[in-house]
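Observations on the model geometry
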Protein chains: 2
Amino acid sequence: MRDVAKLAGVSHQTVSRVINDHPNVRAETRERVLAAMRSLNYRRNLAARTLATRESGTLGILGFETTLFGPESMLYGIESAARGAGYLVSVATVRELAHRPVLEAVDRLAQHDVDGIIAIAPKPAVANALTHAPAGLTCVAVGGAGSGADPFPTVRVDNATGARLATQHLLDLGHATVHHAAGPPDWPEAQARVDGWRETLYAAGAVVPPITPGWWDAAAGYEQGRRLAADRAVTAIFCANDRIALGVLRALHEAGRRVPDDVSVVGFDDMPDSGYFLPPLTTMHQDFGELGRRALSLLLNHMSQDDGDGPPPSHVLVVPEVVLRSSTAPAR
Amino acid sequence: MRDVAKLAGVSHQTVSRVINDHPNVRAETRERVLAAMRSLNYRRNLAARTLATRESGTLGILGFETTLFGPESMLYGIESAARGAGYLVSVATVRELAHRPVLEAVDRLAQHDVDGIIAIAPKPAVANALTHAPAGLTCVAVGGAGSGADPFPTVRVDNATGARLATQHLLDLGHATVHHAAGPPDWPEAQARVDGWRETLYAAGAVVPPITPGWWDAAAGYEQGRRLAADRAVTAIFCANDRIALGVLRALHEAGRRVPDDVSVVGFDDMPDSGYFLPPLTTMHQDFGELGRRALSLLLNHMSQDDGDGPPPSHVLVVPEVVLRSSTAPAR
DNA sequence: TTCGTGAGTGTTACCGTTCTCAACGTGCTC
DNA sequence: GAGCACGTTGAGAACGGTAACACTCACGAA
């Protein structure tokens, strides 16, 4: 920077002003400085800037170390949006969604002076830990299913509504009731899907079948599918996600129950290849990339106005949509 | 830091020495400093350290903005290993695997003073761009299929061998020949799989069926599957990855050709739920997390010895393994 | 004419580390 | 007992920017 200043015949401060688009610089001077910068191939040193301003131009993403489809695809949405806003993203993952590890991850990010954090927070432990983040560090939580009164902005999927839509779709097809292949009971998103499903059945005066605790993958879905396939009364199944649905489909197939002729199946997520399951899966579409972008814009919003207490945190709720394919059919 | 020094009754320099585990500090002094640090809840400012040392404690990952399974799951392997080594990872993604965007992404990372870069480099454009990275910035490429003589370290999957194993497995089952549902022809990894497949057929004296250009997803697999299903001579198909295999399975099913009774199918990748396809997919297992860890350790290795020209770059080659499930059976 | 005002620019301090080098014991060797 | 190496410590200068403030003009109003 000193070299640039010398070459342009100005002070380093003027160079700084040019870099930061300060208005009070004569156009001719600015040109001279820009020319000098070009000819010296000057690049501003971000570390020095960070030291002086306490702003790093970096955003932190707090992730969950696993191969769940949702969290992964969100990363790209966030990253590309962040790039557009001039930020780089750093990732810190936790192996376990517990208080301590999450705090440590936040700490790692804070130590690197991130300007804000987007936390993938599918379980309350993450959100709780977030409230203990250093003051002045803006956080946004995405995922999970909170009270809607969290002390920080959130972006969430309206899982209950999604589940209602899925269940109603099956009821509308004439099924007497709808069974549910549930996710892990300690995940609020899974619980919200159970709630939406159950409410819809109540409202329709349908029997509410029992559920068993599960997990998000096909293996767990297969287990549940075996249970459900054994019961000839089952004609419609709403699965907590597409991977579970994949397992359920296999179990039904092995039991000789045809989909959708004998049993209708609905998934949740609309992951990339669910249109190629056997049969192609009717499911609830979620746009995770969009979710990430929304989270980012929320974060930037709150970062810019975090002086004082500011307005109450915003809460974005995204409603999934039904994607009709071939795994559902009218009850016979 | 000044406060810590004052409280401990030493100079700031001594505090710095304690932080950096400099040997020449009296044990008693060190204790005093550590106590002061604890009581003041001192945290070293990384930006200042970066400014002084030009080392940021951050590693860059150059990714590809898409939902391909491999690249995604590598991230977690890298991140957790990096964490263990005391690094944070920053991610820069490109939308397009071309020269310019890749250079820009490298540039973004360089501007944030990353100490090294792991580039997901499935296509040569990435590797080429990497050679133009700023001098002194250590890079490692993972993926793709280079000459084995790249100027930087690489971690690669031995796709040709994987394809050979898959093809041989099908030949060993008694199939006269093996058809191939290929990936995109301009991706070296896809090409290597074609090569391995073709060589194996040659060696066995089997007919080499024609292939058509494809893509990595189930939709493309479905297209290829329809073509192959129409040909009653097809009894064995080696798919360039599991997603393609999913599409192929659907196409075969719709054509009334049973798997594995009429046709055997093998995939590549062993993605999480391929054991729950209909039928469960025999495939080539790749451990992407491990790939990421290998890449990281290679990077750290080369970073520590990058003074001078150092030794020639290492090249790691990982061989995939056959995972036998139910989509293959002896020819009838 | 005189003074205030605001645009344009420079000067100096400061952000929180590490690096370089000098200074001070202390114990050992000769 | 003098000289010397070495372990221990400190003072000051980087590192490369930004912030705060002072200064110089040109211009318009009093």
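Preceding block: the structure.
Along every chain, residues carry numbers that run from 1 in the direction the sequence is written. Going through the entries in the order they are written, you letter the chains from A and number the ligands from 1. Under the rules for a predicted model, residues below a pLDDT of 70 receive no local features and side-chain atom pairs below 80 are neither given nor counted, while totals for whole chains, interfaces and linings still include all residues. No hydrogens and no water enter the side-chain calculation; it runs on all heavy atoms of the structure.

Points about the overall build of chain A
- Secondary structure elements are taken from DSSP: a helix is a run of H or I of four residues or more, a strand is a run of E of two residues or more, and numbering for both begins at the N terminus. A count of helices and strands for chain A gives 12 helices and 11 strands.
- Here the globule rule is a power law, 2.2 Å times the number of residues to the power 0.38, and the radius of gyration is based on C-alpha atoms. For chain A, whose C-alpha radius of gyration is 25 Å, the value lies well above the compact-globule estimate of 20 Å for 332 residues.
- Dimensions of chain A, computed from the C-alpha atoms along their principal axes, are close to 85 × 35 × 30 Å.
- Contacts in chain A between residues at least 24 apart in sequence constitute 70% of all its contacts with a sequence separation of at least 6.
- Accessible area of chain A: about 13,800 Å², with a carbon and sulfur share of 51%.
- The average position of the 31 basic charges and that of the 36 acidic charges among the side chains of chain A differ by 5 Å. Any two residues whose heavy atoms approach within 4.5 Å are treated as being in contact. Surface accessibility follows the Shrake-Rupley procedure with a 1.4 Å probe radius. Residue values consider only the protein chains on display as shielding. Residues counted as positive are Lys and Arg, residues counted as negative are Asp and Glu, and His and the chain ends are not counted. In this description, the location of a charge corresponds to atom NZ of lysine, CZ of arginine, CG of aspartate or CD of glutamate.

Examining the protein's contact with DNA strand D
- By convention in these notes, a residue is near a molecule or strand provided one of its non-hydrogen atoms lies within 4 Å of it. DNA strand D sits among 28 residues. The nearest are Met 1 and Ser 16 of chain A together with Thr 14, Arg 17 and Thr 29 of chain B.
- Here DNA strand D approaches the protein such that, of its atoms within 4 Å, sugar and phosphate make up 61%.
- Polar contacts, as counted here, are pairs of nitrogen or oxygen atoms within 3.5 Å of one another; within protein the pair requires one atom able to donate a hydrogen and one able to accept it, and residues that are adjacent in sequence qualify only if both atoms are side-chain atoms. Within the contact set of DNA strand D, a phosphate oxygen lies 2.8 Å away from a backbone nitrogen or oxygen of Ser 11 of chain B.
- The separation between a base oxygen of DNA strand D and a polar side-chain atom of His 12 of chain B is 3.4 Å.
- Elements with a contribution of two residues or more to the surface near DNA strand D: helix H2 (12-19) and helix H4 (46-53) of chain A together with helix H2 (12-19) and helix H4 (46-53) of chain B.
- Residue contributions to the surface near DNA strand D peak at five residues, all from H4 of chain A.
- As a working rule, the residues Ala, Val, Leu, Ile, Met, Phe, Trp, Tyr, Cys and Pro are called nonpolar, Asp, Glu, Lys and Arg charged, and the rest polar, with Gly in that last group. In the surface near DNA strand D, the residues fall into nine nonpolar, 13 polar and six charged.

Details of the interface of chain A and chain B
- Between chain A and chain B, the residue contacts involve 54 residues of the former and 54 residues of the latter.
- Buried area: the accessible surface (1.4 Å probe) lost by two parts on joining, summed over both. Interface area, chain A with chain B, both sides summed: about 4,800 Å², of which 59% is carbon and sulfur.
- By the criterion of area lost to chain B, the three top residues of chain A are Tyr 76, Tyr 276 and Leu 278 of chain A, representing 16% of everything that side buries.
- We define a salt bridge as a contact between a side-chain nitrogen of Lys or Arg and a carboxyl oxygen of Asp or Glu at a distance within 4 Å. The tally of links between chain A and chain B comes to six salt bridges.
- As a salt-bridge pair, Arg 243 of chain B and Asp 273 of chain A come within 2.5 Å of each other at their nearest N and O atoms.

Some remarks on the protein's contact with DNA strand C
- For DNA strand C, the set of nearby residues contains 29 residues, the closest of which are Ser 11 and Thr 29 of chain A together with Met 1, Gln 13 and Ser 16 of chain B.
- The protein-proximal atoms of DNA strand C, defined as those within 4 Å of the protein, are 61% sugar or phosphate.
- Residue Thr 29 of chain A places a side-chain N or O atom 2.6 Å away from a phosphate oxygen belonging to DNA strand C.
- At 3.5 Å from a phosphate oxygen of DNA strand C is found a main-chain nitrogen or oxygen belonging to Arg 43 of chain B.
- Only H2 and H4 of chain A together with H2 and H4 of chain B provide two or more residues apiece to the surface near DNA strand C.
- For the surface near DNA strand C, the element with the most residues is H4 of chain B, which contributes five residues.
- Across the surface near DNA strand C, the residue classes break down as 10 nonpolar, 13 polar and six charged.

Things to note about the sheet that holds strand S6 (residues 179-181) of chain B
Residues and elements named next belong to chain B.
- One open sheet holds the three strands; their spatial order is S6-S7-S8, and the pairing between them is parallel. Taken across any chain shown, the strands that pair with only one partner, and hence form the sheet edges, are S6 and strand S8 (264-266). In this sheet, neighbouring strand axes are inclined to one another by 25 degrees on average, regardless of whether the strands run parallel or antiparallel.
- Pairing between strand S7 (residues 236-239) and S8: three bridges, direction parallel. The partner of Ile 237 across the bridge, within S8, is Val 265.
- Fitted lines through C-alpha atoms give the axes, limited to the stretch in contact for helices. The angle between two N-to-C directions lies from 0 to 180 degrees. Across the sheet, helix H11 (residues 242-254) lies against S6, S7 and S8, angled at about 150 degrees from S7, the strand it touches most. In this description, strands pair whenever DSSP reports at least two bridges between them.

Re the pairing of strand S2 (residues 88-94) of chain B
- Three labels apply to residues, based on accessible area from a 1.4 Å probe with only protein chains included: buried if under 20% of the type maximum, exposed if over 50%, partly exposed otherwise in between. In terms of burial, S2 of chain B is largely enclosed, as seven of its seven residues are buried.
- Burial of the side chains of S2 of chain B extends over both faces: Leu 88, Ser 90, Ala 92 and Val 94 of chain B are buried on one face and Val 89, Val 91 and Thr 93 of chain B on the other.
- As defined by bridge partners, strand S2 (residues 88-94) of chain A adjoins S2 of chain B across three bridges and the pair is classed as antiparallel. Its bridge partner being in S2 of chain B, Val 91 of chain A is matched across the sheet by Val 89 of chain B.
- Sheet topology note: the strand S1 (residues 58-64) of chain B/S2 of chain B ladder contains seven bridges and is parallel. Its bridge partner lying in S2 of chain B, Leu 59 of chain B is registered against Val 89 of chain B.

So, the sheet that holds S2 of chain B
- The 12 strands are arranged S10(A)-S5(A)-S4(A)-S3(A)-S1(A)-S2(A)-S2(B)-S1(B)-S3(B)-S4(B)-S5(B)-S10(B) in an open sheet whose pairing can be described as mixed. Strand pairing shows two members of the sheet lacking a second neighbour, strand S10 (315-318) of chain A together with strand S10 (315-318) of chain B, which therefore form its edges. Taking each pair of neighbouring strands and ignoring which way they run, the sheet shows an average axis angle of 20 degrees.
- Of the strands in this sheet, strand S1 (58-64), strand S3 (116-120), strand S4 (138-142), strand S5 (154-157) and S10 of chain A touch helix H12 (residues 288-304) of chain A, which is tilted by about 155 degrees from S4 of chain A.

Brief notes about the nonpolar core
- The biggest cluster of nonpolar side chains holds 98 residues, and the ones touching the most others in it are Leu 62 and Val 265 of chain A together with Leu 62 and Val 265 of chain B.
- Every residue in contact with Val 265 of chain A, bar those within four places of it in the chain, is listed here: Ile 237, Cys 239, Ala 245, Val 248, Leu 249, Leu 252, Val 259, Leu 281, Thr 282, Ser 327 and Thr 328 of chain A.
- By size, the runner-up hydrophobic cluster in this structure holds 46 residues, among which are Val 155 of chain A together with Val 91, Ile 118 and Phe 288 of chain B. Nonpolar core, defined: a set of buried Ala, Val, Leu, Ile, Met, Phe, Trp, Tyr and Cys residues in which side-chain atoms within 4.5 Å join the residues together.

Focus: the pairing of strand S5 (residues 154-157) of chain B
All names here are of chain B.
- Here S5 shows no split at all, with Thr 154 and Arg 156 on one side and Val 155 and Val 157 on the other all buried.
- In this structure, strand S4 (residues 138-142) lies alongside S5, joined through two bridges in parallel fashion. Among the inter-strand pairings, Val 142 is bridged to a residue of S5, identified as Val 155.

Considerations on the pattern of salt bridges
- A complete count under the given rule lists 38 salt bridges over all chains for this structure.
- Of the charged contacts, one joins Asp 107 of chain A and Arg 43 of chain B as a salt bridge, the two residues approaching to 2.7 Å between their closest N and O atoms. Remark: Arg 43 of chain B occurs in the loop between helix H3 (27-40) and H4 and Asp 107 of chain A occurs in helix H6 (residues 99-111); the pair is interchain, linking two chains.
- Given the relative accessible area of 36%, Arg 43 of chain B is considered partly exposed.
- Arg 193 of chain A is the partner of Glu 189 of chain A in a salt bridge, and the nearest nitrogen-oxygen pair spans 3.8 Å. Taken together, the positions of Glu 189 of chain A and Arg 193 of chain A, both in helix H9 (residues 188-204) and four residues apart, correspond to about one turn of that helix. Accessibility assignment for this pair places Glu 189 of chain A and Arg 193 of chain A in one class, buried.
- Ionic contacts of the salt-bridge type, sharing partners, join the residues Arg 258, Asp 261, Asp 262 and Arg 332 of chain A into one network.

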